[in-house]
Structure formats: C-alpha cells, structure tokens
Amino acid sequence: MNTLQDVTNMFLGYTGSRPMTAETAGRMKKYELAYEKDEYLMLSFSRVDATTGDLSLVDDDITVLMPADQISGKPYDLRYRAQKLDDVYCVKVTRIDPDRKIVYVSHQEARLEKRPEIEAALEMYLASKAKNKSPMIVKGKVLKIQTKMVNGESVDTGVWLDLCGVGIPAFIYVGNWKKTFTESLRGKVSYGDIVEVVVLEKVMRKDQMYYYSCSRKELVQDPWESMELGEKYHKGDIVKIKCLSKRDTHWFGEINGLEDIQVFAEYPSQKHDFAIVPGMEYMGTIYYVNPEEHSLKARVFQALTFEQIEEKNVVVEENSENKEQVDSATPEIEEQTAEEAEQTEVEEL
C-alpha cells in the first residue's frame, strides 16, 4: 500500500509539496539529469497557448513545454484551457532541444508508467476483499458531475473521478456521497477537488470499458449524530430556510450552517399565501426535531424578497467592515472555485 500512497502523492499532491517554479527549478542541468535518470518532476505552468492549448513555463532562458495531447493523451476542448493552469502536473522529460532551449515534458507518459502499479494494488485488494477487515481508502481528483434528465429536469446522479491521478476511472453514486440525502451536487463539489474514497468494486461496461465504484459516505460524519444539532435547534425556533426542491405535498430546504441536513417543510397555509420557489429563502418555525429519527420539520410564514435578502447582506457587510476596522491585522482568505466539473470529459482519462 505504500507504493499506492506514494504514487498518489506524486500525482495528486501531499501536504508540503511544491511544484517546480522558475525560482527553484535551476537551469538546463536539472532537466538533463531528470531526462538521463528517468526521474519525475512536479510542474505548475504559467501560460496556455490560445491556438494549440500547449502549456508552458519560462525558467530563466529555458522554456518548458507540454503539448496539449500530452496532458491526458489527446487534445482537450480549448474552451477550458484556463482550467489547465489550475493543476499541478507530475511529468517526465521526453525531449530536450538545447539549441532552442526548449524542454518537452509529458504528464501522460508519467501516468501510463505508474498506472499499472495502482491497478495491481486495486486488483489485489478486490481479490481478497472478503478477507480484508480494513477498506482500501484512496484519493481521487474530481472530473465531472454526471447528470440525467428526469421529468424534464436535470438531476445529479454521481461524480466521476481520476483515481490516484493516474487516469483510472472511478465513480461515486450520489447515494454514496454522504450519509444524508443529497439533493444536488452542484456547489458541493467542483472540478479539481481531491476527495478520499473507499473502493467498492470494479464494474465492467458493455463496451468493454470499466470503472471502479467508490464511496465517500463511510469517511464523513453523520450530521444527525452531532451533539450540536440538539443544542442549537429546538422546537419553536425561527429559522431562515432556502428551498432546495418541491414535492406535491411538501418541499425540502436547508438552514444556513446546516447544509448536510434537509428540512422537511410544509406548504404555506391559506393565511400565508405565497409561492415556494427553489432557490428562494423563507422565514419559518421549527415544529419537530428528532435526530434519532433523522427528522427536522418546519412551517414557513414569510417569503423573503430579493430586497429583504439584499438588506440582510448589507447588514452583514457593514458588520464585516466594522470588524475589519477593529482588527485590521486579520488577513483575508479568498476562496477560488474551479470551473464546473462537467467541463472535463471522463474520456480524458
């Protein structure tokens, strides 16, 4: 298993790892040694060609170039070329042009070399799974959220992964994403996210292709078992609920800060006649809480208009500005979200 973990770290990174940059890479000798000794390099690129999609970085007077078809074995959709600069790549030096001072590298060749090691470890585990008491836990890179049309609506059905970063296809069924019901994966996971999963089985498809079925729910806490749930939410509490989905006789929503638990909500009474719209927020009263039954129910009595929501946001911003004036030494942390996962085709594996 050490081999599996080591290879995973090479392709998906690990705490403390840093890609080679212009400041730390050195001159041509470093690339020549990597080429001669057949060693791997970790690279982060700074430019993507608008026409070819090739990735490059400049190291002093040396240009390191990775052709577009050497990322995953074939050219990619150039609409998503900016996405390629977000990744850190484990690469092999494939060719050096000393006259032009160009070093050619390939991520695909590195993946193809290490993939058999990972495949062998997976097959060995599954062959003796019945005897193994401990599950096989590995990392995967999110490639895509899979959807299907149901009654004219797009429904998320699961997540495709690049297992261990070496091009092995894996899939997490939406029911295996977490221990509670998952209405939608949008906003919960994005392209490029690294997640830990348990390997369940190898699935062969009719077209002779295959993938590994995986699960994440065994590795995350059940929010219904949290002691804080019963301490923070009680019968009679007034809460703000965002509508997630509608049914004929009821709808489901979520409370800010309690995203993994869905609230069962009744439609407004005749006294409070307003429409329930997915994405909109409402004021409601909790009338039933039972963590053991996995049940949290509420009745809404007021629809929050866009103006009301904006007013609340202004108050939050003002409070935030006041806090910054009091503690100006606190650094700001900006969260950058990767593009939607469907921007990358699973076949790129």
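Not measured: the values here are computed from a predicted model.

Participant: Can you help me understand the overall build of the chain in this one?
Facilitator: On a plain count of helices and strands, the chain comes out with six helices and 16 strands. Taken over 349 residues, the chain has a buried fraction of 41%. At a minimum sequence separation of 6, the contacts of the chain that also span at least 24 residues come to 61%. Carbon together with sulfur atoms contributes 49% to the accessible area of the chain, which is approximately 20400 Å² in total.

Participant: Teacher, can you tell me more about the environment of F301 here?
Facilitator: Within the fold, F301 resides in strand β16 (residues 295–303). Spatially, the C-alpha atoms of F301 and M283 are 6.0 Å apart, while their sequence positions differ by 18 residues. Sequence-distant contacts of F301, that is, excluding residues within four places in its chain, are made with I238, H272, F274, M283, G284 and T285.

Participant: Where do I start with the nonpolar core in this structure?
Facilitator: Nonpolar side chains tend toward joint burial in soluble globular proteins. Of all hydrophobic cores here, the largest spans 31 residues; its most connected members are L163 and Y212. When contributions to this core are tallied by element, the ones reaching two or more residues are α1 (2–12), α4 (107–127), β7 (137–150), β8 (153–163), β9 (168–173), β10 (194–204) and β11 (210–215). It is α4 that provides the largest number of residues to this core, a total of six residues. Look past the residues within four positions of L163 in its chain and what remains in contact with it is L122, V138, K139, G140, I168, A170, V197, Y212 and C214.

Participant: For this particular structure, what's the right way to read the environment of K271?
Facilitator: For K271, the location among the structural elements is in the loop between β14 (258–266) and β15 (281–290). For the pair formed by K271 and F301, sequence separation is 30 residues and the distance between their alpha carbons is 8.6 Å.

Participant: Mind showing me how you'd approach the sheet that holds strand β13 (residues 250–255) here?
Facilitator: Strand pairing in a sheet relies on backbone hydrogen bonds. The paired strands run either parallel or antiparallel. Taken in spatial order, the five strands of this closed barrel run β12-β13-β14-β16-β15, and their pairing is mixed. For this sheet the average axis-to-axis angle between neighbouring strands, irrespective of direction, equals 55°. Pairing geometry for β15 and β16, over eight bridges, is antiparallel. The partner of V289 across the bridge, within β16, is L296.

Participant: How should the packing of aromatic side chains be read in this particular structure?
Facilitator: A full pass over the atoms with the stated rule returns eight aromatic pairs. Taken together, a centroid distance of 6.0 Å and an interplanar angle of 90° make the contact between Y210 and Y212 edge-to-face. A residue is classified by how much of its surface remains accessible, and Y212, at 0% relative accessible area, is buried. A centroid spacing of 5.8 Å and a plane angle of 15° characterise the contact between F274 and Y282, whose relative ring orientation is stacked. A residue is classified by how much of its surface remains accessible, and F274, at 19% relative accessible area, is buried. The class for Y282 is buried, based on a relative accessible area of 1%. Ring pairs connect the aromatic residues W160, F171 and Y211, which therefore count as one cluster. One residue, K84, lies across the ring of Y76, its end atom 4.9 Å from the ring centre. Its end group placed over the ring of Y287, R299 keeps NZ or CZ at 3.8 Å from the ring centre.

Participant: It is not clear to me how the pairing of β14 should be interpreted in this structure. Could you clarify?
Facilitator: Sheet analysis places β13 next to β14, joined by five bridges and oriented antiparallel. Looking across to β14, one finds that H250 is bridged to E266. Counting the residues in the hairpin turn of β13 and β14 gives two residues, including G257, whose phi is positive at 95°. Bridge count between β14 and β16: three bridges; the pairing is parallel. Within the sheet, the bridge partner assigned to F264 lies in β16 and is K297.

Participant: Explain helix α2 (residues 28–36) to me, please; I cannot follow it from the model alone.
Facilitator: Since there are 3.6 residues in each turn of an α-helix, residues three or four apart along the chain are aligned in direction. Taken together, the buried positions of α2 are M28, Y31 and A34. Around the axis of α2, the buried residues are gathered within 125° of arc, so they sit on the same side. Relative to its buried face, α2 has exposed residues pointing more than 90 degrees away, namely K29 and E36. Where α2 is buried, its residues meet β1 (40–43), β3 (55–59), β4 (62–66), β5 (89–97) and β6 (102–106). Phi turns positive one or two residues past the end of α2, at D38, with a value near 60°.

Cut-offs used in this document
- Residues numbered from 1 in each chain as written.
- Predicted model: local features only at pLDDT ≥ 70, side-chain atom pairs only at ≥ 80, totals over all residues.
- Heavy atoms only, no water.
- Helix = DSSP H or I, 4+ residues; strand = E, 2+ residues; numbered from the N terminus.
- Buried < 20%, exposed > 50% of the residue type's maximum accessible area, 1.4 Å probe, protein only.
- Contact = heavy atoms within 4.5 Å.
- Areas by Shrake-Rupley, 256 points an atom, 1.4 Å probe, with all protein chains shown as cover.
- Core = buried A, V, L, I, M, F, W, Y, C linked by side-chain atoms within 4.5 Å.
- Pairing = 2+ DSSP bridges.
- Axes fitted to C-alpha atoms, helices over the stretch in contact; angles between N-to-C directions.
- Phe/Tyr/Trp six-rings, centres within 6.5 Å; stacked < 30°, edge-to-face > 60°.
- Lys NZ or Arg CZ within 6 Å of the ring centre and 35° of its normal.
- Arc of directions from axis to C-beta.

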